[in-house]
Amino acid sequence: PPPPEPVQGSSPDLPVPVESPFPTLHAAVPEHRRASSLEKLEQVLTDLFHRARQKEPAVLPDDFWMDVHELVEMVPEDPDGFLSHVFEVGPDDPEWPLEHHAINVGILCILVGHHLEIDPHDLRDLAGGALVHDLGLAPLKRLTEQNRRLTERERRLINLHAYVGDRLFSDANK
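Model, not experiment: these values are computed from the prediction. (Residues numbered from 1 in each chain as written. Predicted model: local features only at pLDDT ≥ 70, side-chain atom pairs only at ≥ 80, totals over all residues. Heavy atoms only, no water.)

1. Here we look at the overall build of the protein
Part 1 of the reasoning: Summing up its helical and strand segments, the protein has eight helices and zero strands in all.
Part 2 of the reasoning: Starting at the N terminus, the α and β elements of the protein follow one another as α-α-α-α-α-α-α-α.
Part 3 of the reasoning: Relative to its full complement of 174 residues, the protein shows a buried share of 36%.
Part 4 of the reasoning: Carbon and sulfur atoms make up 55% of the accessible area of the protein, which totals about 10,800 Å². (Helix = DSSP H or I, 4+ residues; strand = E, 2+ residues; numbered from the N terminus. Buried < 20%, exposed > 50% of the residue type's maximum accessible area, 1.4 Å probe, protein only. Areas by Shrake-Rupley, 256 points an atom, 1.4 Å probe, with all protein chains shown as cover.)

So this is what it looks like as structure tokens:
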């Protein structure tokens, strides 16, 4: 008999097809809608990270949680489309911004949370936290770009990035 047809998400190198853990819905989210949503959140994050680099308080725009909610609804509709965004570029690319990493982490959290059947409200909170989780790295960007071994003091500073991010949000909400 002929070999079985590969299932979407399977590796062509494996003799037996492996099913993707996420349902595949072809073109469930139109490319322009997906791109528009990602571009909007990337712009919001670019602004937040820029302010953080200047050590200015991090203020979320009024529609941030609405945008996150939309992303939470769209990602499970088109997991392959969003995963293609995750795998576009990586941290080895010198032009790879921290904001792109934040979007990737948000997408991955949504996919895993959806697979685990997390409550949609909690999933929105998880995704929102994922999007801003590295905000505290922005003021330390020059350290993260070093092409050398970091000093002990520099490593300690980077390890404090979660505290720095929390302070940026706390200062904005005084």
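2. Regarding a nonpolar patch on the surface
Part 1 of the reasoning: A grouping of V112, L116, I118 and L126 is seen on the molecular surface, where their side chains present a nonpolar patch of about 330 Å² in accessible area.
Part 2 of the reasoning: Inspection of the secondary structure assignment puts L126 in helix α5 (residues 120–132).
Part 3 of the reasoning: Looking at L126, the relative accessible area reads 36%, which means it is partly exposed. (Patch = residues over 30% accessible without salt bridge, like charges linked within 9 Å, V, L, I, M, F, W, Y side chains within 5 Å. Salt bridge = Lys/Arg side-chain N within 4 Å of Asp/Glu carboxyl O.)

3. A few points about the nonpolar core
Part 1 of the reasoning: In terms of nonpolar packing, the biggest core is built from 36 residues, with L45, I107 and L135 touching the most fellow members.
Part 2 of the reasoning: For this core, the secondary-structure elements that each account for two or more residues are α1 (31–53), α2 (64–74), α3 (79–86), α4 (98–115), α5 and α8 (161–172).
Part 3 of the reasoning: By residue number, the principal contributor to this core is α1, which donates seven residues.
Part 4 of the reasoning: Excluding its chain neighbours within four sequence positions, the residues that come into contact with L45 are E99, A102, I103, L131 and V132. (Core = buried A, V, L, I, M, F, W, Y, C linked by side-chain atoms within 4.5 Å. Contact = heavy atoms within 4.5 Å.)

4. Some points on the packing of aromatic side chains
Part 1 of the reasoning: Per the stated rule, a full pass over the model turns up one aromatic pair.
Part 2 of the reasoning: For the ring pair F64 and W65, a centre distance of 5.1 Å and an interplane angle of 80° mean the geometry is edge-to-face.
Part 3 of the reasoning: You can call W65 partly exposed: its relative accessible area is 32%. (Phe/Tyr/Trp six-rings, centres within 6.5 Å; stacked < 30°, edge-to-face > 60°.)

5. Points about the layout of surface pockets
Empty space among the atoms becomes visible once a probe the size of a water molecule is rolled across them.
Part 1 of the reasoning: Here the second largest pocket defines a volume of roughly 170 Å³.
Part 2 of the reasoning: As for the second largest pocket, its lining consists of E31, R34, A35, L38, E39, E42, G81, S84, H85, E88 and H100.
Part 3 of the reasoning: Secondary structure elements with two or more residues in the lining of the second largest pocket: α1 and α3.
Part 4 of the reasoning: Counting residues per element, the lining of the second largest pocket draws most heavily on α1, which supplies six residues.
Part 5 of the reasoning: Residues of the lining of the second largest pocket, tallied by class, amount to two nonpolar, four polar and five charged. (1 Å grid on protein atoms, 1.4 Å probe; cavity = no way out; pocket = protein on both sides within 12 Å on 5 of 7 lines; lining within 4 Å. Points joined across faces, edges and corners; volume = space filled by probe spheres on them. Nonpolar A, V, L, I, M, F, W, Y, C, P; charged D, E, K, R; others polar.)

6. A look at the packing of α2 against α5
If you want to describe how two helices pack, look at the angle between their axes and the distance between the axes.
Part 1 of the reasoning: Closest axis-to-axis distance for the α2/α5 pair is 9 Å, and the angle between their directions is 110°. Between α2 and α5, the angle is such that the two are roughly perpendicular. Relative to α5, the crossing made by α2 is right-handed. Mapping the contact onto sequence places F64, W65, V68, H69 and V72 in α2 and L123, R124, D125, A127, G128, L131 and V132 in α5.
Part 2 of the reasoning: For the contact of α2 with α5, the per-class residue count stands at eight nonpolar, two polar and two charged. (Axes fitted to C-alpha atoms, helices over the stretch in contact; angles between N-to-C directions. Parallel < 35°, antiparallel > 145°, perpendicular 65-115°, else oblique. Left-handed = near helix turned anticlockwise from the far one by under 90°.)

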